[in-house]
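Spelled out from the first residue to the last, the chains are:
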Amino acid sequence: MKAFKITTIFFFTSLILMAQDFNSQLRVEAYLQNNLNELDLTQDDILDYHIYREYKSEKTELFHVFLQQKYQGMPIHKAEIRLHHHKDKSWINTQNTFI
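Moving on, we get to the overall build of the protein. Each helix and strand in the protein was counted, giving two helices and four strands. The linear arrangement of helices and strands in the protein, starting from the amino end, is α-α-β-β-β-β. Per-residue burial over the protein gives 32% buried out of 99 residues. When contacts within the protein are restricted to residue pairs at least 6 apart in sequence, long-range pairs at least 24 apart make up 33% of them.

Structure, rendered in structure tokens:
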């Protein structure tokens, strides 16, 4: 029972630390808002999207975040933005097919 409690505490602590280290939703929203012109987007283009995948590469130290654009809650086929964030270099945008 003690091992279970320690494992549970360790698991939730690591999740909390990861969430504090990189809050992708807030960072993505700020990036999109600040770069609408550069991304050739309007405010309406970024009203409805979701993050469908995100992970950190230990080798490159990049956070990879993949966005899927939606229209009235339905995903738009191949309308994606793929962003990569490095703590020293900020955001790197590699693909933008939002419509």
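Picking up after the structure, the text goes on.
Glancing now at the sheet that holds strand β1 (residues 49-57). Taken in spatial order, the four strands line up as β1-β2-β3-β4 in an open sheet, and their pairing is antiparallel. Edge positions in the sheet fall to β1 and β4 (90-96), since each of these pairs with one other strand and no more. Averaged over all adjacent pairs, the angle separating strand axes in this sheet is 20°, with direction ignored. As paired strands, β1 and strand β2 (residues 62-71) are joined by eight bridges and run antiparallel to one another. Looking at β2, one finds that E54 is bridged to V65. Against the sheet, helix α2 (residues 24-34) contacts β1, β2, β3 (74-86) and β4, and its axis sits at roughly 115° relative to β1.

So, about the pattern of salt bridges. Scanning all chains against the criterion turns up two salt bridges. The salt bridge partner of E61 is K87, with a shortest N-O separation of 3.9 Å. Note that E61 is positioned in the loop between β1 and β2 and K87 in the loop between β3 and β4, a separation of 26 residues in sequence. The class for E61 is partly exposed, based on a relative accessible area of 37%. Since its relative accessible area comes to 63%, K87 is described here as exposed. E80 is the salt-bridge partner of R82, the closest N and O atoms lying 3.2 Å from each other. For E80, a relative accessible area of 13% puts it in the buried group.

Calculation criteria
- Every chain's residues receive numbers from 1 upward, in the order its sequence appears when written.
- The predicted nature of this model means local features are confined to residues of pLDDT at least 70 and side-chain atom pairs, given and counted, to a pLDDT of 80 or more, with totals for whole chains, interfaces and linings taken over all residues.
- Hydrogens are left out, water is left out, and the side-chain values use all remaining heavy atoms of the structure.
- Secondary structure is summarised from DSSP: a helix means a run of H or I of at least four residues, a strand means a run of E of at least two, and numbering begins at the N terminus for each.
- Exposure classes here rest on a 1.4 Å probe applied to the protein chains alone. A residue is buried below 20% of its type maximum, exposed above 50%, and partly exposed in between.
- We call two residues in contact whenever any of their non-hydrogen atoms come within 4.5 Å of each other.
- For two strands to pair, DSSP has to find at least two bridges joining them.
- Axis lines are fitted through C-alpha atoms, for helices just across the contact stretch, and the angle between N-to-C directions can take any value from 0 to 180 degrees.
- Any Lys or Arg side-chain nitrogen found within 4 Å of a carboxyl oxygen on Asp or Glu counts as a salt bridge.

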